[in-house]
Amino acid sequence: MTFSEYDLPGRASDLLAAQKDALEDHGEDCDQYDIPSDEILGIYDDFASLPSPDNFGTYTDGLLTTMEKLATGGYSTGQTDGSTGVASSVLDLTISAGDEVDDWTGKGADQFNIWTDGWKTGVSNQFAATVALRILLNAEAAVWTGVLKDLDDLSNAATKAMKAVTECNGDDVTIALSVATAVVGIAAAIPTAGTSLSLVAVAGAGLGVASTGMQVYEAASKPEPKISSCCPRCCIDDVKDALKDIKTHTREAEEKIAKDLDKNINIINGAWSEFCKPAPALGSVPRQNIHGYDGLGSFPG
Amino acid sequence: MSDTNEFRERWEETVVVTESPNGSVFVQNRADQVIEVRIDDGYFNRASLDQLRTQITAALRLAVADRFRAYRSMLRDVSGLSFGQAERGRRPHADEKRRKSEELHIEGSSADGTVTVSAIGLQHITVSIDGGFWDSGDRHTLESNLGVACTSAVQAQFAGMKELTH
């Protein structure tokens, strides 16, 4: 069964039961063993409501559909099965439409032709923006996948460390946190010169994260908090410190994603016409008057 | 079964056997409840008291190390987690408990008082064997008395550790 934040109250109850066992073994006149029940039962309360990594899939799937429509060439879909996407045939029609009026005279025709010449670059930039946004959403999913895995591992280790509390044993349980390494591979900034497809290769690691969890980052080093089995007080204090670590790493990851998002938004804002080109002059002519529009000129042939 | 009970039951089933450096003295620890000592008959007959005491002491030191190794291994097997020696400097209470445990003096004796085993922090182990009893050449009684003294010392260790945490 998949772990979720809704399992945490049960884990807190398990931890309390283990502490009661240790207290019973030891006797009830020691602060190090007699921890208030509320302190243990509420230990995971800060994580009572978390974003579900699965919920990001709807958006990343939608963005993949957008990528299909904006692809001017073949591209990696970033899926773990290694599948690739093909160029959109609809875009080819738009690009070839410019060639159709290449020999026409007149200002409107010339502008339309110039506009279609830049069409591929603009659409490619939109594709790049879509890829970058998808990578950032994947990173978000990875962060929360990591948080849930860490909470699962930590709450499990905490209870077992508490159960190992004995008079002669003071060992530490060591676990590894995942969330700290969740976003090491976020995308670089969007290129704005029509080189979008190269971005897919550069940022490929980030593409595959959403539905597959953390395996992309398995090789990265991970913080390893220790949970003491010296006594219930040491154990609980270590759990609290590890929970603080998870919060800190989550905040750092979120800040990194926000910073990358801002960077990409600034690129788009600073070069808006590269992403959304103004319509050609021909586009402003009312349809019923097009034959009377001098700017269209005439076909010399 | 809860991990607590499984830890206990698995440990109660655990037998740790250690031999002295020259392979002539054997210590068997059954879950810290019963300690048995066996001495090779040939070595018993040819060794001096000092030589034998040196081997027994060495075997007991190794038995302590083996015991903690086995306990940690049991914790890992049952929990699937990485249990290891506590890192110093993380928790003041754990450090203090460890410091006190390293100074904890314990002693256990045989019922007739001819054999005594004492230790400080389970590190500095001393074995005393009455000279008159040694002269009797009764290996079986010596083994039995060593077992009783060691078991008694281990019980004193647990009691001392419990006191330390209050």
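Residues numbered from 1 in each chain as written. Chains lettered and ligands numbered in written order. Predicted model: local features only at pLDDT ≥ 70, side-chain atom pairs only at ≥ 80, totals over all residues.

## Overview of the overall build of chain A
Helix and strand counts for chain A come out as 9 helices and 4 strands. Tracing chain A from N to C terminus, the helices and strands come up as α-α-α-β-β-α-α-β-α-α-β-α-α. The 301 residues of chain A split such that 41% are buried. Pairs at least 24 apart in sequence give 78% of the contacts found in chain A among residues at least 6 apart. (Helix = DSSP H or I, 4+ residues; strand = E, 2+ residues; numbered from the N terminus. Buried ≥ 20, exposed ≤ 12 C-beta atoms within 10 Å, placed from the backbone. Contact = placed C-beta atoms within 7 Å.)

## A word on the interface of chain B and chain A
Facing the 26 residues of chain B at the interface are 25 residues of chain A. Taken together, the elements giving at least two residues each to the side of chain B that touches chain A come down to α1 (3-12), α3 (49-79), β4 (82-84), α4 (92-103) and α6 (139-164) of chain B. Tallied by class, the residues present in the side of chain B that touches chain A amount to 9 nonpolar, 9 polar and 8 charged. (Nonpolar A, V, L, I, M, F, W, Y, C, P; charged D, E, K, R; others polar.)

## Thoughts on α3 of chain B
All names here are of chain B. Spanning 31 residues, α3 covers 44 Å between terminal C-alpha atoms, matching the ideal 45 Å at 1.5 Å per step. Buried residues of α3: Leu-52, Gln-55, Ile-56, Ala-59, Leu-60, Ala-63, Val-64, Arg-67, Tyr-71, Leu-75, Val-78 and Ser-79, and no others. Positive backbone phi, at 75°, marks Gly-80, one or two positions downstream of α3. (Expected span 1.5 Å × (residues − 1).)

## Some details on the sheet that holds strand β7 (residues 124-129) of chain B
Residues and elements named next belong to chain B. The 3 strands lie next to each other as β5-β6-β7, forming an open sheet whose pairing is antiparallel. Of all strands in the sheet, those with a lone pairing partner are β5 (105-109) and β7, marking the two edges. Within this sheet the neighbouring strands show an average axis-to-axis angle of 15°, counted without direction. Two strands pair when backbone bridges link them, and β5 and strand β6 (residues 115-120) are joined in this way by 5 bridges, in the antiparallel orientation. (Pairing = 2+ DSSP bridges. Axes fitted to C-alpha atoms, helices over the stretch in contact; angles between N-to-C directions.)

## Structural notes on the pairing of β5 of chain B
Side-chain positions along a regular strand alternate between the two faces of the sheet. Of the two faces of β5 of chain B, the one holding Ile-106 and Gly-108 of chain B is buried and the one holding His-105, Glu-107 and Ser-109 of chain B is not buried anywhere. Remark: 5 residues form the turn of the hairpin made by β5 of chain B and β6 of chain B, two consecutive strands paired antiparallel; Gly-113 of chain B in that turn has positive phi of roughly 75°.

## Let's talk about the sheet that holds strand β3 (residues 34-39) of chain B
All names here are of chain B. Within the open sheet, the 3 strands sit side by side as β1-β2-β3. Their pairing is antiparallel. Looking at the sheet topology across the chains shown, the edges are occupied by β1 (15-19) and β3. Neighbour-to-neighbour, the strand axes of this sheet turn through a mean angle of 15°, independent of strand direction. Pairing analysis gives 6 bridges linking strand β2 (residues 25-30) to β3, with the strands arranged antiparallel. By the bridge assignment for β3, Val-25 is matched with Ile-39.

## Digging into helix α5 (residues 107-163) of chain A
Under the 1.5 Å per step criterion, the end-to-end length of α5 of chain A is 83 Å for 57 residues, consistent within 8% with the ideal 84 Å. Of all the bends found along α5 of chain A, the most pronounced is centred on Gly-118 of chain A and spans about 40°. (Bend = angle between axes of the 7 residues up to and from the residue.)

## A word on the environment of Ala-128 of chain A
Residues and elements named next belong to chain A. The residue Ala-128 is located in helix α5 in this model. Given 30 C-beta atoms within 10 Å, Ala-128 falls into the buried group. Distance from Ala-128 to Ala-71, taken between C-alpha atoms, is 9.3 Å for residues 57 residues apart in sequence.

## Overview of the confidence of the model for chain B
Predicted coordinates in areas of low pLDDT are best not read in detail. Here chain B averages 93 in pLDDT, and 96% of its residues register 70 or above. Taken together, the chains of this predicted complex give a pTM of 0.81 and an interface ipTM of 0.83. (pLDDT = per-residue confidence, 0-100.)

## Details of the packing of helix α1 (residues 8-26) of chain A against α5 of chain A
Axes are the key here: two packed helices are described by the angle between their axes and the distance separating the axes. Residue and element names in this part refer to chain A. Running from amino to carboxyl end, α1 crosses α5 at an angle of 15°, the nearest separation of the two axes being 8 Å. Looking at the two axes, α1 sits roughly parallel to α5. In this structure, α1 meets α5 at a crossing whose hand is left-handed. Residues Leu-8, Arg-11, Asp-14, Leu-15, Ala-18, Gln-19 and Ala-22 of α1 lie in contact with α5, whose contacting residues are Leu-151, Ser-155, Ala-158, Thr-159, Met-162 and Lys-163. (Parallel < 35°, antiparallel > 145°, perpendicular 65-115°, else oblique. Left-handed = near helix turned anticlockwise from the far one by under 90°.)

## Describing the confidence of the model for chain A
Per-residue confidence for chain A gives a mean pLDDT of 78; residues scoring 70 or more make up 74%. Across chain A, the element-wise mean pLDDT spans from 41 in helix α7 (residues 204-207) of chain A up to 96 in helix α2 (residues 37-41) of chain A.

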